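Topology and contacts: notes
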Amino acid sequence: MAWGLWRIPESTVQHLGPVRGRSILELGCGAARWSIALRGKGARPIGLDLSFAQLAHARREIRKARSEVPLVRGSAEAIPFESGVFDIVFCDWGAMTFADPRRTVPECARVLRPDGLLVFATASPVRYLAYHPAKDRQSRRLRRTYFGMHRIEWEGSVEFQVPYGDWVDLFSRSGFTIERLVETAAPVGAKTPYLSAADSAWGARWPMECIWRVRKERTGRSRGARRLARQV
Ligand SMILES: C[S@@+](CC[C@H](N)C(=O)[O-])C[C@H]1O[C@@H](n2cnc3c(N)ncnc32)[C@H](O)[C@@H]1O
């Protein structure tokens, strides 16, 4: 199990904590590789994805691994599960990148048990600020307006990102306490199939991605989360 662009091992990041016996939702599971690995560690993962094609891919990978991971089609913006049923909700560049955090964060709060964890890796706001669309690469200048950042047309698809202060607001209004934010730096000489060498070098100097770990408060503030969900 390894996070993000630089495949930093979970054993180094240590965001998920103990997983044996835990009920876990992978939000935007894609090929479900994380869920397969988690199942191998004694967790009880479920993979959720919006795309039939990705779910078919996941099903093949699960069969190949001789694993057993239930898969569900649905959107992270309206998670098709009852409230308070998961110990951990997580994704690695999954639905938290491609769905609206104003909807996903309250939804994650709703389906987590009190004290449950939301953990996800996604792009950093800084990455979008410095992206040069005409040259299709990262630059050393700020090219996008930071305030009001939300829905972003990015390389032919739509991604979501908000300023750091908005993340903090979203988490606290949904009843989460922020425990850790890891801004990954590209290891020296890092190569990744996702980035050019120049963009990898950029990622050694500025934060390309964020890995958040936030915990649902024991008392829960589900009324706040519901109010927030109604506002969007
Ligand atoms: C980059 S991919 C998957 C990454 C995954 N960690 C992997 O290694 O395969 C992102 C996934 O999020 C899914 N996705 C996008 N928007 C979603 C949404 N609103 N709800 C659920 N899944 C979504 C996509 O279908 C895709 O499978």
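Report follows, based on the coordinates.

Reading the values: rules and limits
- Residues numbered from 1 in each chain as written.
- Predicted model: local features only at pLDDT ≥ 70, side-chain atom pairs only at ≥ 80, totals over all residues.
- Heavy atoms only, no water.
- Near = heavy atom within 4 Å.
- Polar contact = N/O pair within 3.5 Å; in protein donor to acceptor, adjacent residues only side chain to side chain.
- Areas by Shrake-Rupley, 256 points an atom, 1.4 Å probe, with all protein chains shown as cover.
- Nonpolar A, V, L, I, M, F, W, Y, C, P; charged D, E, K, R; others polar.
- Salt bridge = Lys/Arg side-chain N within 4 Å of Asp/Glu carboxyl O.
- Helix = DSSP H or I, 4+ residues; strand = E, 2+ residues; numbered from the N terminus.
- Buried < 20%, exposed > 50% of the residue type's maximum accessible area, 1.4 Å probe, protein only.
- Arc of directions from axis to C-beta.
- Contact = heavy atoms within 4.5 Å.

As a structural note, the neighbourhood of the ligand is formed by 18 residues, with Ala31, Asp49, Ala76, Asp92 and Trp93 the closest of them. Here glutamine 54 contributes a side-chain N or O atom positioned 3.3 Å from an oxygen atom of the ligand. Computed on the free molecule, the ligand has an accessible area of 600 Å², of which 78% lies beneath the protein chains in the complex. When its residues are assigned to classes, the shell around the ligand shows nine nonpolar, seven polar and two charged.

All told, the structure shown has eight salt bridges when counted by the stated rule. Two residues, lysine 64 and glutamate 61, come together in a salt bridge whose shortest N-O distance is 3.2 Å. Residue lysine 64 and its partner glutamate 61 are located together in helix α3 (residues 52-64), separated by three residues, close to a single helical turn. A relative accessible area of 64% means that lysine 64 is categorised as exposed. On the accessibility criterion, glutamate 61 (18% relative accessible area) is buried. Taking the shortest distance from any N to any O, the salt bridge between arginine 110 and glutamate 107 comes out at 2.8 Å. Note that arginine 110 and glutamate 107 are positioned in helix α5 (residues 101-111) at a spacing of three residues, about one turn of the helix. Here arginine 110 falls in the partly exposed class, since its relative accessible area comes to 26%.

By the burial criterion, the buried members of helix α8 (residues 197-205) are Asp199, Ser200, Trp202 and Gly203. Buried residues in α8, looked at end-on, bunch into an arc of 155°, giving them a common side. Exposed residues lying more than 90 degrees from the buried face of α8 are Ala197 and Arg205. Contacts from the buried residues of α8 go to α6 (125-129), β9 (137-138) and β12 (176-184).

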